[in-house]
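Residue-level listing of the chains:
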Amino acid sequence: MKQPLLSVKNLSVQFFDKDKCIHAVRDVSFTLATNQILAVVGESGCGKTTLAKAIIALLPPEKIAIKGQIYYQDQPLLPFVEEKMQAIRGRRIAMIFQDPMTSLNPTIPIGKQLEEGYRLHFPKAPLQEVEAQALNLLEEVGINDPKQCLSSYPHMLSGGMRQRVLIAIALICAPQLLIADEPTTALDLTIQAQILELLKKIQVKREMSILWITHDLSIVSQFCDHVMVMYAGQVIESSSAKKLFSSPLHPYTQKLLQILPQSRLTPFEPIAGFPPDLSTVSPGCSFCARCDQSMRICLSQTPALQEIKQDQLCACFQYDPRRKS
């Protein structure tokens, strides 16, 4: 069996805020294969971005506690050693952030920001090689005038161009794993479609794996191979994208899919209630209070994530074999 590119086992992340402990990620396990696009979906605050930043060690170490195991190929990343992560971050694992205007430095030309990562990982590369790499990559991500872009500042570019620049910065060292944290959220639908098409083209060309963080299931259906649904810091369902959309198992996933606009005549039905307070971990299913299919056992016991159908995992007592039909 081929070794996964990324393997996460029983990962938990806790934030400490004054006298509170926020259980942001709780016992998450998954694998990501080479040349696979895995979507992590769920409402805001479910732990998606925290999970992504934990993998690449971008969380403030003085305010968090991380438990579990993270392997890049066969190399353990936990416990994090910053010197080791600097050699991996950007070179082997790169990240595209959500907002280009907060990710790009407004006082530095695009060219210098693009070349910075390459110089860090290839310090002996001649200047001509660095500049050629930056120029070629801007062309690859669809910048019409790459030479002009190199000397431009972020505020001189459109939102779509800034996002393309962020993609170029993430790809400059040819990483094997790209973590994309909702990179199309701030873009209009036309530009969003262009960025998705661009990333898919690059992913196929480079045989790159992508961990795609999003709350937009309409993107997942057309872009991703596999889907992992998170709720209250936990993985509650995991399956191929095709199976998730054709036969979702978890009540939360079913409700997420019902929110997708089918037509202008379809009324919008939000999920009733609110996610639980993650500073207080209570026994039972985290979705119980919002679920119209909950049972008595859901109040007192936490369902385990297990295979219900072939390649479909779900954490729900609806599928417990002890339940009478």
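In what follows, the structure referred to is the one given above.
**Q** Looking at this model, I keep getting lost on the overall build of the chain. Mind explaining?
**A** On a plain count of helices and strands, the chain comes out with 12 helices and 12 strands. Here the chain has a C-alpha radius of gyration of 21 Å; the compact-globule value for 325 residues is 20 Å, and the two agree. Taking all 325 residues of the chain together, the buried fraction comes to 48%. Accessible surface, the chain: about 17000 Å² in total, of which carbon and sulfur atoms supply 52%. Of note, the chain has its 33 positive side-chain charges centred 4 Å away from the centre of its 30 negative side-chain charges.

**Q** Before we go on, may I ask you to explain the nonpolar core in this structure?
**A** Inside soluble globular proteins, nonpolar side chains tend to come together where they are buried. Within the largest apolar cluster, 62 residues are counted, with the highest numbers of intra-cluster contacts made by Leu178, Trp212 and Phe223. Among the nonpolar cores identified, the runner-up in size contains 35 residues, and Leu6, Phe30, Leu38 and Ile64 belong to it.

**Q** Help me understand the packing of helix 7 (residues 159-171) against helix 8 (residues 189-206) in this model?
**A** Each pair of packed helices can be summarised by the angle the axes make with each other and by the distance between the axes. Direction vectors running N to C along helix 7 and helix 8 enclose 20 degrees, while the axes themselves pass 10 Å from each other. Looking at the two axes, helix 7 sits roughly parallel to helix 8. Where helix 7 crosses over helix 8, the handedness of that crossing is right-handed. Residues Gly160, Gln163, Arg164, Ile167 and Leu171 of helix 7 form the contact with helix 8, whose own contacting residues are Ile191, Gln194, Ile195, Leu198, Leu199, Ile202 and Arg206. Its residues assigned to classes, the contact of helix 7 with helix 8 shows seven nonpolar, three polar and two charged.

**Q** Just checking my understanding: could you explain the pairing of strand 2 (residues 20-32) for this structure?
**A** The side chains of a regular strand alternate, residue by residue, between the two faces of the sheet. In this sheet, strand 2 lies alongside strand 1 (residues 6-17) in antiparallel orientation, the contact comprising nine bridges. Across the sheet, the residue bridging to Val13 is Val25, located in strand 2. Hairpin geometry of strand 1 and strand 2 is characterised by an intervening segment of two residues between the two adjacent antiparallel strands and by a positive phi of about 55 degrees at Lys18.

**Q** Quick question: what am I supposed to make of helix 4 (residues 110-121) here?
**A** Along an α-helix, residues three or four positions apart point the same way, because every turn accommodates 3.6 residues. Where helix 4 is concerned, the buried positions are Ile110, Gly111, Gln113, Leu114, Glu115, Tyr118 and His121. Close packing links the buried residues of helix 4 with helix 2 (82-88), helix 5 (127-140), helix 6 (146-150) and helix 7.

**Q** What should I look at first to understand the pattern of salt bridges in this one?
**A** A side chain with one charge may pair with a side chain of the opposite charge, provided their charged atoms come close. Enumeration over the complete set of coordinates arrives at six salt bridges. The closest approach of N and O atoms between Arg89 and Glu82, which form a salt bridge, is 3.1 Å. Overall, the relative accessible area of 41% leaves Glu82 in the partly exposed class. Between Lys255 and Asp292 there is a salt bridge whose closest N-O contact spans 3.3 Å. A residue pair is termed long-range when its members are at least 10 positions apart, and Lys255 in helix 11 (residues 251-259) and Asp292 in the loop between helix 11 and helix 12 (296-300) qualify at 37 residues. Judged by relative accessible area, Lys255 falls into the buried class, the value being 19%. Of the residues examined, Asp292 reaches a relative accessible area of 59% and is grouped as exposed. Salt bridges sharing partners connect three or more residues here, namely Glu140, Lys205 and Arg206.

**Q** Would you take a moment to explain unusual backbone geometry for this structure?
**A** For the bond running from Leu78 to Pro79, omega is 0 degrees, close enough to zero to count as cis. Within the element layout of this structure, Pro79 appears in the loop between strand 5 (75-76) and helix 2. Positive phi, close to 50 degrees, is recorded for Asn10, a residue that is not glycine. Under the relative-accessibility criterion, Asn10 is labelled partly exposed at 44%. The phi dihedral of Asn35 falls on the positive side, at around 65 degrees, and the residue is not glycine.

**Q** Help me understand the side chain of Thr214 in this model?
**A** With respect to the helices and strands, the residue Thr214 is situated in strand 8 (residues 209-214). The class for Thr214 is buried, based on a relative accessible area of 3%. Only 2.9 Å separates the side chain of Thr214 from the backbone nitrogen of Asp216, close enough to count as a polar contact. When near neighbours in sequence (up to four residues on either side) are disregarded, Thr214 contacts Val40, Val41, Gly42, Lys48, Glu182 and Val220.

**Q** Please explain the sheet that holds strand 1 as it appears in this structure.
**A** Backbone-to-backbone hydrogen bonds join strands into a sheet, with any given pair of strands oriented parallel or antiparallel. The antiparallel open sheet is built from four strands, whose spatial order is 2-1-4-5. Edge strands, defined here as strands with exactly one partner in the open sheet, are strand 2 and strand 5. Of the pairings in the sheet, the one linking strand 1 to strand 4 (residues 64-72) comprises eight bridges and is antiparallel in character. Of the residues in strand 4, the one forming a bridge with Val8 is Ile70.

**Q** Explain the packing of aromatic side chains here, please?
**A** Any two aromatic rings considered together are summarised by their centre-to-centre distance and by the angle between their planes. Per the counting criterion, the structure on display carries five aromatic pairs. Relative to Phe287, the ring of Tyr231 has its centre 5.2 Å away and its plane inclined at 85 degrees; by these criteria the two rings are edge-to-face. Note that Tyr231 is positioned in strand 9 (residues 226-231) and Phe287 in the loop between helix 11 and helix 12, a separation of 56 residues in sequence. Each member of the pair, Tyr231 as well as Phe287, carries the same accessibility label: buried. What links up through ring pairs into an aromatic cluster is the set Tyr231, Tyr252 and Phe287.

Reading the values: rules and limits
- In this convention, every chain numbers its residues from 1, walking through the sequence in written order.
- Given that the model is predicted, a residue must reach a pLDDT of at least 70 before its local features are reported, and side-chain atom pairs must reach 80 or more before they are shown or counted; all residues, however, enter totals for whole chains, interfaces and linings.
- Based on all heavy atoms of the structure, the side-chain values leave hydrogens and waters out of the count.
- Strands are runs of DSSP state E lasting at least two residues, helices are runs of H or I lasting at least four, and both sets are numbered from the N terminus onward.
- As defined in this context, the radius of gyration uses C-alpha atoms, and a globule is described by 2.2 Å times the residue total to the power 0.38.
- Whether a residue is buried, partly exposed or exposed follows from its accessible area with a 1.4 Å probe, protein chains only, as a fraction of its type maximum: under 20%, in between, or over 50%, in that order.
- Reported accessibility uses the Shrake-Rupley method at a 1.4 Å probe radius. Residues are deemed covered only where the shown protein chains occlude them.
- His is not counted, nor are the chain ends; Lys and Arg add positive charge and Asp and Glu add negative charge.
- Lysine's charge is taken at NZ, arginine's at CZ, aspartate's at CG and glutamate's at CD.
- Definition of nonpolar core: a set of buried residues of the types Ala, Val, Leu, Ile, Met, Phe, Trp, Tyr and Cys, connected through side-chain atoms within 4.5 Å.
- Axis lines are fitted to C-alpha atoms, over the contacting stretch for helices. Their N-to-C directions set the angle, which ranges from 0 to 180 degrees.
- Roughly parallel refers to an angle under 35 degrees, roughly antiparallel to one over 145, roughly perpendicular to one between 65 and 115, and oblique to any angle outside these ranges.
- Throughout, a crossing is termed right-handed when the near helix is turned clockwise from the far one, and left-handed when it is turned anticlockwise from it by less than a right angle.
- Contact definition: two residues touch when any of their heavy atoms are within 4.5 Å.
- Under the convention adopted here, Pro, Cys and the residues Ala, Val, Leu, Ile, Met, Phe, Trp and Tyr are nonpolar, Asp, Glu, Lys and Arg are charged, and Gly plus all remaining residues are polar.
- Here, a strand pair is defined by DSSP locating no fewer than two bridges between the strands.
- In what follows, salt bridge is the name for a side-chain nitrogen of Lys or Arg lying within 4 Å of a carboxyl oxygen of Asp or Glu.
- Pairs of N or O atoms are called polar contacts if they sit within 3.5 Å, as long as, within protein, a hydrogen donor faces a hydrogen acceptor (for residues adjacent in sequence, only side-chain-to-side-chain pairs).
- Two aromatic rings from Phe, Tyr or Trp, using only the six-membered ring of Trp, form a pair when their centres are within 6.5 Å; if the ring planes differ by under 30 degrees the pair is stacked, by over 60 it is edge-to-face, and anything between is tilted.

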